[in-house]
Amino acid sequence: MKRTILISAGILFLFLIDAFSQDKEEPSFYRHQVGIQFNPIINERLLSNGGFGLIETVSSLRYGYRITKNLTTGMEFVCRFPILTNSSLREQSQLYNYLIYRIGLTTRYSILSEKRFQVFAEVSPYFAHAYKEVWNSGDPAPYTNDEFGCYAAPGVTLYSKSKRVSFDLYSEFYFTGQIMISYKVNFNF
């Protein structure tokens, strides 16, 4: 009797093996994205008479997780600081040394998600901390500021043929009125 039950259970198991299979269909897109950025800020100081004497830069590191082909969410750490390339500019009292960092969440929606060239819009709320020292001002106390903010950024993405590497070009519109053009290189896996 026990042998009959075991043989019957074994045969039933063989018929149902496909019903319990764990075959998982892989998505047709990479879920994870790591982006790096290091570029000058194009503003009136860069384009003034001093030219490239003072280059204000922005750098960032971003991680994104693609929920669907069109929707990506993640976190970003951004740092802004100046690079003084002309020491004679230091004598001008309007120049200052600063470090601004911010950490925030990002949400991006892309269209044309099957193509190598995509259009996107993203929103990023963030927390920012600023530290600024004015050169030659006579005031030894630095200025610090903490704030919450948000920006919206429309842009375009160009993917490599394998879609492992992508390049973002976008314009950040801050709710404070500031506009910044940026680019970023992403690695998808």
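See above for the structure.
All of the points below concern the structure found in this document.

How each quantity is defined
Residues numbered from 1 in each chain as written. Predicted model: local features only at pLDDT ≥ 70, side-chain atom pairs only at ≥ 80, totals over all residues. Heavy atoms only, no water. Phe/Tyr/Trp six-rings, centres within 6.5 Å; stacked < 30°, edge-to-face > 60°. Helix = DSSP H or I, 4+ residues; strand = E, 2+ residues; numbered from the N terminus. Contact = heavy atoms within 4.5 Å. Salt bridge = Lys/Arg side-chain N within 4 Å of Asp/Glu carboxyl O. Buried < 20%, exposed > 50% of the residue type's maximum accessible area, 1.4 Å probe, protein only. Polar contact = N/O pair within 3.5 Å; in protein donor to acceptor, adjacent residues only side chain to side chain.

Another aspect to go through is the packing of aromatic side chains. Geometrically, a pair of aromatic rings is defined through the distance of the ring centres and the angle of the planes. Scanning the model with the defined rule gives eight aromatic pairs in all. Arranged with centres 6.4 Å apart and planes meeting at 40°, the rings of F38 and F81 form a pair that is tilted. In this pair, F38 is assigned in strand β1 (residues 32-40) and F81 in strand β3 (residues 71-84), connecting sequence segments 43 residues apart. Counting every residue linked through ring pairs, the aromatic cluster contains Y126, Y151 and Y174.

Turning to its location among the elements, V185 is positioned in strand β8 (residues 179-188). Distance from V185 to L169, taken between C-alpha atoms, is 9.2 Å for residues 16 residues apart in sequence. Dropping the residues within four chain positions of it, V185 is found in contact with V34, G35, I36, V165, S166 and F167.

Summed over all chains, the structure comprises seven salt bridges. Salt-bridge contacts for E122 lead to R62; the nearest nitrogen and oxygen are separated by 2.9 Å. Here E122, found in strand β5 (residues 117-134), pairs with R62, found in strand β2 (residues 54-66); they are 60 residues apart in sequence, far enough to count as distant. For E122, a relative accessible area of 2% translates into the label buried. The class for R62 is buried, based on a relative accessible area of 5%. Here E122 ties to R108 by a salt bridge, and the two come within 3.0 Å at their closest N and O atoms. Note that E122 is positioned in strand β5 and R108 in strand β4 (residues 96-111), a separation of 14 residues in sequence.

Another point: the side chain of D168. Mapped onto the elements of the fold, D168 is located in strand β7 (residues 165-174). Separated by 3.0 Å, the side chains of D168 and R108 make a polar contact. Setting aside anything within four residues of it in sequence, one finds D168 in contact with R108, F120, V156, T157, S182, Y183, K184 and N186.

Glancing now at the environment of F175. Secondary-structure assignment places F175 in the loop between β7 and β8. Residue classification places F175 among the exposed residues on the basis of a relative accessible area of 63%.

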